[in-house]
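Residues per chain, in single letters:
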Amino acid sequence: MTTSIYYVGYDAAHPGDFIYDIPDGHDFWLLILTQTPAEFWVQGEIREYPANCAVLFPPRQKIMYRACSGQFVNDWVRFETDESYVLETALPRGVPIPVPDPAYCRQLFQLLATENFFSCDYRELSIDYLFRILFNKLLEAFQSNENSPHYQKLLNLRKAIHNRPGAEWSVPTMADDVHLSPGYLQTLYKATFGISCMDDVIQCRIRLAKERLIHGSLRIADISELCGYRNVEHFSRQFRRIVGCTPREYRQSGDLRP
């Protein structure tokens, strides 16, 4: 039994109008891991999903996904296989599942790309091992999500954070929204998405700020307020800690990194 890679890529960046639409699907398998929010065709309708989701498309199944909040970034692999761990997997077909440890999975994609590029003696065996590890991790994520009675509430909360990063988010208000205690919310959120709820808010705010600094003419104070900061000095300190420069320096540099 074998698994053959047609192509594998990681950190692939696409513009905000990106759309991938294959009505009849491919003749091969497609596995993608999103790094940004995206919309997918699932069960006859377009649905929005947060960043860090994995989606497995079997051959000859409709594929449609697109960017929904600016740049779309993903890792992906096209492959052919007759391995039972893929053919008989419990993973849903064409349905995004959240990945609690996306950084680990991205490393596996990078290793797959490296092994596929070089013609080493143990290339096929290494690729098979990496695929098995990747599918094991995705199964762990799927089973963890399925076993959590709070998963849908957490997913809805995360969608709201990504859609409205400038809202007055706090752990107590978020806990009230999902009817959980603040401590339990923080534990569940980190276990489900691999990031704390407030860190998720901060990352979304900084991403929005970067977009407005480069692609807009608003004053920095106005961008600060738009992103949920009532104190521009606090905004500047947090921006510099995460990005490595001040908002003003970032705007002047014209940096277009995601």
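A few points on the structure.

### Observations regarding the state of the cysteines
Link 1 in the chain: Applying the stated criterion across every chain, the model contains zero disulfides.
Link 2 in the chain: With no disulfide of its own, Cys105 lies 12 Å from the sulfur of Cys53, the closest cysteine sulfur.
Link 3 in the chain: Free cysteine: Cys227, not disulfide-bonded; nearest cysteine sulfur from Cys204 at 11 Å.

### Structural notes on the packing of aromatic side chains
Link 1 in the chain: For the structure shown, the criterion picks out 18 aromatic pairs.
Link 2 in the chain: Both rings, one in Phe40 and one in Tyr49, keep their centres 6.1 Å apart while their planes meet at 80°; by these two values the pair is edge-to-face. Grouping residues by exposure puts Phe40 and Tyr49 together as buried.
Link 3 in the chain: Among the aromatic residues, those joined into a cluster by ring pairs are Phe18, Tyr20, Phe40, Tyr49, Phe57, Tyr65 and Phe72.
Link 4 in the chain: Directly above the ring of Trp41 sits Lys62, whose terminal nitrogen or CZ lies 5.0 Å from the centroid.
Link 5 in the chain: In this arrangement the basic side chain of Arg205 is found over the ring face of Tyr229, its NZ or CZ atom lying 5.4 Å from the centre.

### Describing the nonpolar core
Across soluble globular proteins, nonpolar side chains have a tendency to be buried as a group.
Link 1 in the chain: Residues Leu31, Phe79, Phe131 and Phe135 are the most contacted members of the largest nonpolar core, which totals 26 residues.
Link 2 in the chain: Elements supplying a minimum of two residues to this core: β1 (3-14), β3 (29-34), β6 (53-57), β8 (72-81), α1 (84-87), α2 (102-117) and α3 (123-146).
Link 3 in the chain: With seven residues, α3 is the largest single contributor of residues to this core.
Link 4 in the chain: Every residue in contact with Phe131, bar those within four places of it in the chain, is listed here: Thr3, Ile5, Val77, Phe79, Tyr85 and Leu112.
Link 5 in the chain: In terms of nonpolar packing, the next biggest core, distinct from the first, is built from 18 residues, Ile161, Met174, Tyr189 and Ile195 among them.

### Description of the pattern of salt bridges
Link 1 in the chain: Going through the model one piece at a time under the given rule, you end up with ten salt bridges.
Link 2 in the chain: The partner of Arg158 in a salt bridge is Asp200, with the nearest N and O atoms 2.6 Å apart. With a gap of 42 residues between them, Arg158 in helix α4 (residues 151-163) and Asp200 in helix α7 (residues 197-214) connect regions that are remote in the sequence.
Link 3 in the chain: Assessed through its relative accessible area of 2%, Arg158 is described here as buried.
Link 4 in the chain: Across the pair Asp222 and Arg219 runs a salt bridge, and its minimum N-O distance is 3.2 Å.

### Here's the deal with helix α6 (residues 182-193)
Link 1 in the chain: In this model, α6 (twelve residues) spans 16 Å end to end at C-alpha, consistent with the 16 Å of a helix rising 1.5 Å per residue.
Link 2 in the chain: Among the residues of α6, those classed as buried are Leu185, Leu188, Tyr189, Thr192 and Phe193. Angular distribution of buried residues about the axis of α6 spans 100°; they occupy a single face of the element.
Link 3 in the chain: Positive backbone phi, at 75°, marks Gly194, one or two positions downstream of α6.

### As for the sheet that holds strand β4 (residues 38-42)
Link 1 in the chain: Strand order in the open sheet formed by four strands is β2-β7-β4-β5, with antiparallel pairing between adjacent strands. Of all strands in the sheet, those bounded by a partner on one side alone are β2 (19-22) and β5 (45-49). Averaged over all pairs of adjacent strands, the angle between their axes in this sheet comes to 20°, without regard to strand direction.
Link 2 in the chain: Of the strand pairs in this sheet, β4 and strand β7 (residues 63-67) are connected by three bridges, and their pairing is antiparallel. Bridge pairing links Glu39 to Arg66 in β7.

### So, the environment of Glu140
Link 1 in the chain: Tracing the chain through its elements places Glu140 in helix α3.
Link 2 in the chain: Once the C-alpha coordinates of Glu140 and Leu91 are considered, the two residues, 49 residues apart in sequence, prove to be 9.9 Å apart.

### Description of a nonpolar patch on the surface
Link 1 in the chain: Together, Tyr122, Leu125 and Tyr129 make up an exposed nonpolar region whose accessible area comes to about 370 Å².
Link 2 in the chain: Structurally, the position occupied by Tyr129 is in helix α3.

### Re the packing of helix α5 (residues 171-178) against α6
Link 1 in the chain: Two numbers describe how α5 lies on α6: the axes approach to 9 Å, and their chain directions differ by 85°. Regarding the angle of α5 to α6, the classification is roughly perpendicular. In this structure, α5 uses Val171, Pro172, Met174, Ala175 and Val178 to contact α6, whose residues at the interface are Pro182, Leu185 and Gln186.
Link 2 in the chain: Considering only residue class, the contact of α5 with α6 consists of seven nonpolar, one polar and no charged.

### A look at the sheet that holds β8
Link 1 in the chain: Spatially, the five strands line up as an open sheet ordered β1-β8-β3-β6-β9, and their pairing is antiparallel. The outermost strands of the open sheet, each flanked by one partner alone, are β1 and β9 (97-98).
Link 2 in the chain: Of the pairings in the sheet, the one linking β3 to β8 comprises six bridges and is antiparallel in character. Pairing of Thr34 across the sheet is with Asn74, part of β8.
Link 3 in the chain: Strands β1, β3 and β8 of the sheet are contacted by α2, whose axis makes an angle of about 125° with β1.

Rules of the game
Along each chain, residue indices are assigned from 1 in the same order as the chain's sequence is written. Restriction of local features to residues with pLDDT of at least 70 applies here, the model being predicted, together with a cutoff of 80 or more for giving and counting side-chain atom pairs; totals for whole chains, interfaces and linings are based on all residues. Processing note: side-chain calculations cover all non-hydrogen atoms of the structure and skip hydrogens and water entirely. Two cysteine sulfurs form what is called a disulfide whenever their separation falls within 2.5 Å. Stacked, tilted and edge-to-face pairs are distinguished by plane angle, under 30 degrees for stacked and over 60 for edge-to-face with tilted covering the rest, among Phe, Tyr and Trp rings (Trp via its six-membered ring) whose centres lie within 6.5 Å. The classification of residues rests on relative accessible area computed with a 1.4 Å probe and restricted to protein chains. Under 20% of the type maximum is buried, over 50% is exposed, and intermediate values are partly exposed. Remark: a charge is flagged as sitting over a ring if the NZ atom of Lys or the CZ atom of Arg is within 6 Å of the ring centre and within 35 degrees of the ring normal. Buried Ala, Val, Leu, Ile, Met, Phe, Trp, Tyr and Cys residues that are joined via side-chain atoms within 4.5 Å together make up what is termed a nonpolar core. Helix and strand assignments come from DSSP, with helices taken as H or I runs of at least 4 residues and strands as E runs of at least 2, each series counted from the N terminus. Pairs of residues are marked as contacts when any of their non-hydrogen atoms sit within 4.5 Å. A pair is scored as a salt bridge if a Lys or Arg side-chain nitrogen falls within 4 Å of a carboxyl oxygen belonging to Asp or Glu. In a helix, the anticipated span is given by 1.5 Å times the number of residues less one. Of all possible arcs, the one meant is that of the directions from the helix axis to the C-beta atoms. A pair of strands counts as paired when DSSP detects no fewer than two bridges linking them. Lines fitted to the C-alpha atoms define the axes, with helices restricted to the stretch that makes contact. Angles between their N-to-C directions range from 0 to 180 degrees. Patches were defined on residues exceeding 30% relative accessible area and lacking a salt bridge, with like-charge contacts within 9 Å and nonpolar side-chain contacts (Val, Leu, Ile, Met, Phe, Trp, Tyr) within 5 Å. Every accessible area reported is derived by Shrake-Rupley at a probe size of 1.4 Å, with residue values counting cover from the shown protein chains alone. Note on terminology: angles under 35 degrees are roughly parallel, angles over 145 are roughly antiparallel, angles of 65 to 115 are roughly perpendicular, and the others are oblique. Under the scheme applied, nonpolar residues are Ala, Val, Leu, Ile, Met, Phe, Trp, Tyr, Cys and Pro; charged residues are Asp, Glu, Lys and Arg; polar residues are all the others, including Gly.

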